[in-house]
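# Analysis of the macromolecular model
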Amino acid sequence: MVPKPQGSATVKSVTNRSLPPLPKLRVRRPNKPESNPCLGVMASVLGCWASSGYSIQGCAQFEVKLRQCMDAPRPPNQKHNNINYHLSRMYPKIIGPHKRN
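Note that the structure is predicted; figures quoted are calculated from it, not measured.

### Here we look at the confidence of the model for the protein
- Mean pLDDT for the protein: 77, with 77% of residues reaching 70 or above.
- No element of the protein has a lower mean pLDDT than helix 3 (residues 83–95), at 78, and none a higher one than helix 2 (residues 60–71), at 92.

Okay, here's the thing in structure tokens:
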């Protein structure tokens, strides 16, 4: 028998364990709203105001960009994601046959 070199780790074999049954398949919050596109410009304006002592001279460019962003038309609402509908439809096929009481 050959001795093992020091420092070598012994690897235990991992047995396949079955996962607990899922009551249903769902994706949490699939219709995550997009962040406001004017948020970065607003932060720039506030940072400029904080650094310049709320003076208008140095922050005029940022204020114009913020006004342009706020006046731009908003994109129409996105269609709702229908992933949960399809998951609920396919769930019986995934879990396979089961006993009925």
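### Some words on the side chain of Glu63
- Locating Glu63 in the fold gives a position in helix 2.
- One buried charge, Glu63, has no salt-bridge partner; the nearest side chain with opposite charge is Arg67, at 5.0 Å.
- Setting aside its immediate chain neighbours within four residues, Glu63 contacts Val45, Trp49 and Ile56.

### What to know about the packing of helix 1 (residues 39–52) against helix 2
- It is at 9 Å that the axes of helix 1 and helix 2 come closest, and there the two elements cross at 155°. Considered as vectors, helix 1 and helix 2 are oriented roughly antiparallel to each other. Along this stretch, helix 1 crosses helix 2, giving a crossing that reads as left-handed. Contacts from Val41, Met42, Ser44, Val45, Cys48 and Trp49 of helix 1 reach helix 2 at Phe62, Glu63, Lys65 and Leu66.
- Tallied by class, residues from the contact of helix 1 with helix 2 come to seven nonpolar, one polar and two charged.

### Quick word on the state of the cysteines
- One pass over the structure, following the stated rule, counts two disulfides.
- Across the disulfide, Cys38 is cross-linked to Cys69 (sulfur-sulfur distance 1.9 Å). Between Cys38 and Cys69, the S-S torsion sits near -95°, and that sign places the bridge as left-handed. Taken together, the residues Cys38 in the segment before helix 1 and Cys69 in helix 2 connect sequence positions 31 residues apart.
- Given a relative accessible area of 6%, Cys38 falls into the buried group.
- The disulfide partner of Cys48 is Cys59, and the gap between their sulfur atoms is 2.0 Å. Residues Cys48 and Cys59 are joined through a disulfide that is left-handed, its torsion about the S-S bond being -95°. Of this pair, Cys48 sits in helix 1 while Cys59 is found in the loop between helix 1 and helix 2, placing the two residues 11 residues apart along the sequence.
- The buried category is assigned to Cys59, whose relative accessible area is 0%.

### A few points about a nonpolar patch on the surface
- Side chains of Met90, Ile94 and Ile95 sit close together on the surface and give an oily, nonpolar patch of about 280 Å² of accessible area.
- On the secondary structure map, Ile95 appears in helix 3.

### Description of the environment of Pro23
- Within the element layout of this structure, Pro23 appears in the segment before helix 1.
- When the C-alpha atoms of Pro23 and Tyr91 are compared, they prove to be 9.7 Å apart, with 68 residues separating the residues in sequence.

Calculation criteria
- Residues numbered from 1 in each chain as written.
- Predicted model: local features only at pLDDT ≥ 70, side-chain atom pairs only at ≥ 80, totals over all residues.
- Heavy atoms only, no water.
- pLDDT = per-residue confidence, 0-100.
- Helix = DSSP H or I, 4+ residues; strand = E, 2+ residues; numbered from the N terminus.
- Buried < 20%, exposed > 50% of the residue type's maximum accessible area, 1.4 Å probe, protein only.
- Lys, Arg positive; Asp, Glu negative; His and termini not counted.
- Salt bridge = Lys/Arg side-chain N within 4 Å of Asp/Glu carboxyl O.
- Contact = heavy atoms within 4.5 Å.
- Axes fitted to C-alpha atoms, helices over the stretch in contact; angles between N-to-C directions.
- Parallel < 35°, antiparallel > 145°, perpendicular 65-115°, else oblique.
- Left-handed = near helix turned anticlockwise from the far one by under 90°.
- Nonpolar A, V, L, I, M, F, W, Y, C, P; charged D, E, K, R; others polar.
- Disulfide = S-S within 2.5 Å.
- Patch = residues over 30% accessible without salt bridge, like charges linked within 9 Å, V, L, I, M, F, W, Y side chains within 5 Å.
- Areas by Shrake-Rupley, 256 points an atom, 1.4 Å probe, with all protein chains shown as cover.

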